[in-house]
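So you can see what is in the structure, the chains are spelled out below.
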Amino acid sequence: MTMTLTEKLLTRASGHSSVKPGDIVVVEPDVVLSHDNSAAIWEIFQQLPQGQIKHPDRLAITLDHAVPPPTAKHAQNHAQIRQLVQAQGISNFYEVGRGICHQVLCEEGVVGPGLCLLGADSHSPHCGWLGAFGAGIGRSEVAALWATGELWLRVPDTIRILLTGKLRQGVTTKDLTIQLIGQLSSDGATYMAVEFAGAGISSLSPDARAVLTNMMAEMGAKNACMVPDAVTWDWLDQSLARTRPQDSEERLAYFRESALYPDADAAYALEHHIQLNEIEPMVSCPHTVDNVKALSSIEHTRVDVGFIGTCTNGRLEDIASAAEIVRGKRLQRRLVVIPASSMVLRDAVEAGHVATLLDAGATIGTPGCGPCMGNHMGVLAPGEVCISSANRNFRGRMGQRDAEIYLANPAVVAASCVAGYLVHPSEVTGGE
Amino acid sequence: MTKTSHRVWKYGDKVNTDVIFPGKYTYTISQDPAALARHALEDLDPSFAANARPGDVILAGRNWGNGSSREQAVTCLLAAGVHAVIAASFARIYYRNAINSGLLVIECPPVVESVETGDLIEIDLETTQIYHAGQTYEFPPLPQQVLDILDAGGIIPYLQANSIRDGE
């Protein structure tokens, strides 16, 4: 029988010879992700009879959601997590400042082609850009998973999204996902897998690809994925050489062995074709991600502050595009830039992007989630309007129910902070 | 089991977890029921927390609970005494979290259309029917394992009671 990429991935994770949509399978994930919620999970875990984590080597804990801790309570939460990490011998532990879990686990080669990750975070589909299965679950299920090492999942139907052509200058995969979510709605892929395919993918950078799988969380997808290609392998090769020089080659060989590919005649429940060159800059308007408008139709909407960062759009390419926009200019509005990881920050410093941003008046935050879910480092005041490269604009998301959040690509965020209102990047760079 | 009677709070489509339980509290409030209940639906309906009564049910449209995986978006409702959420559809993680925390979740689009805030409805889990104003609405039966987890009060008490798989 023929299988989609997700079906192949769940076949491997469940140890079956094949699976089909609707099957309930018990999977043993290779990676169990948690973050600042790990202390709360530990509290739940301690109510279980096991006492010991079944596979401590499969856990990956990253402190990222409120880093450095903004209050003593947050600091205490981190301290409890460090105790747990030490007591249970968790080696995949990433401290305050290393970055956002989804980015870090890819950079560190904790997750990679063919693997299965279950995470106590809704953006767990992110790792699918490497050809992995990633799905979000809740704290109680993670506690159960720590105890038993396994969890039941329903094999989802797959939506295939075929990309052809090439994005135009100033347009990114963020615009693609916002447009798609606008079309299919925030529940367009609920209970389903999304598989990106087509010749258009080969023109997309690793940073751009990760946006695709990451943002499918906002369409309700269980997981989102694409097959690894030469671009993926190059990225893994370079990243692993930096993060784990001691065993990068063995790890890469392991990923080459575990990588999976869909059958050519696999059955997809739905198929969408997207011409990349037809996409224009898009914006999610307050207060839902699927309240989508073309940037051109709402240009000159006032903004008070900009935010570039998060697991969705806090990578080097995103920061580079912002630096390009603000070079030699003075920002009219505050701009908070928070790299997705320390590796991104280091590269952004080395490339001169950080200096460019600082010269224009932007501020740089510790790698992590920043103000995305309203914890700290740039929460909004009543009445403020934020233009953000993040993934959610729900009421109250950035800490204040009477504020408004627009979501866009990082170049649009930077340009809007130069202008003081929503604007196409070409208008402030004078290009095109 | 017989019919149980409940007062309704009615909401619309696509209610997300940020308005059910704001993200800014997620690492400082985890299990304290009073604190959870105090912030339930804070950014959706500020009147809810003060006026919810044990046994109330929430009726909502499509995609209830989309967004973050935070479990407090379920447990804050339990802490406020909510007996069930009945929706046209649920976001995937919310649905799992609800069952795993012992909150009854029912997908039943037709009843959602006809009921308003303050109405009384009756739920019969055995016949999988909801009664309102002389009308009967059917919902799909929940799988036995889901009912077992709900009966136990969630996945953790369920695992405590059922020593986990094959004598481990």
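Along every chain, residues carry numbers that run from 1 in the direction the sequence is written. Chains carry letters from A onward and ligands carry numbers from 1 onward, assigned in written order. Local features are withheld for residues below a pLDDT of 70 in this predicted model, meaning they are given only at 70 or higher, and side-chain atom pairs are given and counted only at 80 or more; totals for whole chains, interfaces and linings count all residues. Note that water and hydrogens are dropped before the side-chain values are worked out from all heavy atoms of the structure.

Draft legend 1. Focus on a nonpolar patch on the surface. Residues and elements named next belong to chain A. Where nonpolar side chains cluster on the molecular surface, the patch consists of I24, V26 and W152 and spans about 250 Å² of accessible area. With respect to the helices, strands and loops of the structure, W152 is situated in strand β7 (residues 151–154). When accessible area is computed with a 1.4 Å probe and restricted to protein chains, residues below 20% of their type maximum are described as buried, those above 50% as exposed, and intermediate ones as partly exposed. A relative accessible area of 32% means that W152 is categorised as partly exposed. Patch construction takes residues with relative accessible area above 30% that form no salt bridge. Like charges are linked within 9 Å, and nonpolar side chains (Val, Leu, Ile, Met, Phe, Trp, Tyr) are linked within 5 Å. Here the Shrake-Rupley method, with its probe set to 1.4 Å, supplies the accessible areas, and only the displayed protein chains count as covering residues. By definition here, a salt bridge exists when the distance from a side-chain nitrogen of Lys or Arg to a carboxyl oxygen of Asp or Glu is within 4 Å. The helix and strand labels rest on DSSP assignments: H or I over at least four residues marks a helix, E over at least two residues marks a strand, and numbering proceeds from the N terminus.

Draft legend 2. Just the pairing of strand β5 (residues 120–124) of chain B, in detail. Residue and element names in this part refer to chain B. Note that strand β1 (residues 4–10) and β5 share four bridges and pair antiparallel. Within β5, the residue paired with T4 across the bridge is I123. Being paired, for any two strands, means DSSP has found at least two bridges between them. Bridge count between β5 and strand β6 (residues 129–132): three bridges; the pairing is antiparallel. Its bridge partner lying in β6, D124 is registered against Q129. Linking β5 to β6, which pair antiparallel, is a turn of four residues; within it T128 sits at a positive phi near 50 degrees.

Draft legend 3. Spotlight on the confidence of the model for chain B. Residue and element names in this part refer to chain B. Here chain B averages 93 in pLDDT, while 96% of its residues score no lower than 70. Low pLDDT (under 50) marks residues 164–168, which in the prediction has five contacts with non-local residues, meaning those over four places away or in another chain. Scoring of the predicted complex yields 0.96 for pTM and 0.93 for ipTM. pLDDT measures how confident the predictor is about each residue, on a scale from 0 to 100. Only heavy atoms enter the contact rule, under which two residues are in contact if any of them lie within 4.5 Å.

Draft legend 4. A look at the sheet that holds strand β11 (residues 270–275) of chain A. Residue and element names in this part refer to chain A. If you walk across this open sheet you meet the four strands as β10-β9-β8-β11, and the pairing is parallel. This sheet does not close on itself; its edge strands, each paired only once, are β10 (223–225) and β11. The average undirected angle you get between the axes of adjacent strands in this sheet is 20 degrees. Sheet topology places strand β9 (residues 193–197) next to β10; three bridges connect them, and they run parallel. Bridge pairing in β10 places V194 opposite A224. Axis geometry follows a simple rule: fit a line to the C-alpha atoms, using only the stretch in contact for helices, then measure angles between N-to-C directions, giving values from 0 to 180 degrees.

Draft legend 5. The arrangement of the interface of chain B and chain A in detail. Taken together, the contact pairs 40 residues of chain B with 49 residues of chain A. Buried area between chain B and chain A, both sides added, is near 3,900 Å², and the carbon and sulfur share of it is 48%. For R96(B), the salt bridge goes to E141(A), with nearest N and O atoms at 2.9 Å. Each polar contact in these results corresponds to two N or O atoms within 3.5 Å; when the atoms are within protein, one needs to be able to donate a hydrogen and the other to accept it, and residues that are neighboring in sequence are counted only if both atoms are side-chain atoms. Linking chain B with chain A are 22 residue pairs in polar contact (both at pLDDT 80 or more), by the criterion used here. The element best represented in the side of chain B that touches chain A is helix α5 (residues 92–101) of chain B, accounting for seven residues. Residues are grouped as follows: Ala, Val, Leu, Ile, Met, Phe, Trp, Tyr, Cys and Pro are nonpolar; Asp, Glu, Lys and Arg are charged; all remaining types, including Gly, are polar. Counted by class, the side of chain B that touches chain A contains ten nonpolar, 17 polar and 13 charged residues. When two parts are brought into contact, each loses some accessible area as probed by a 1.4 Å sphere; the total of that loss over both is the buried area.

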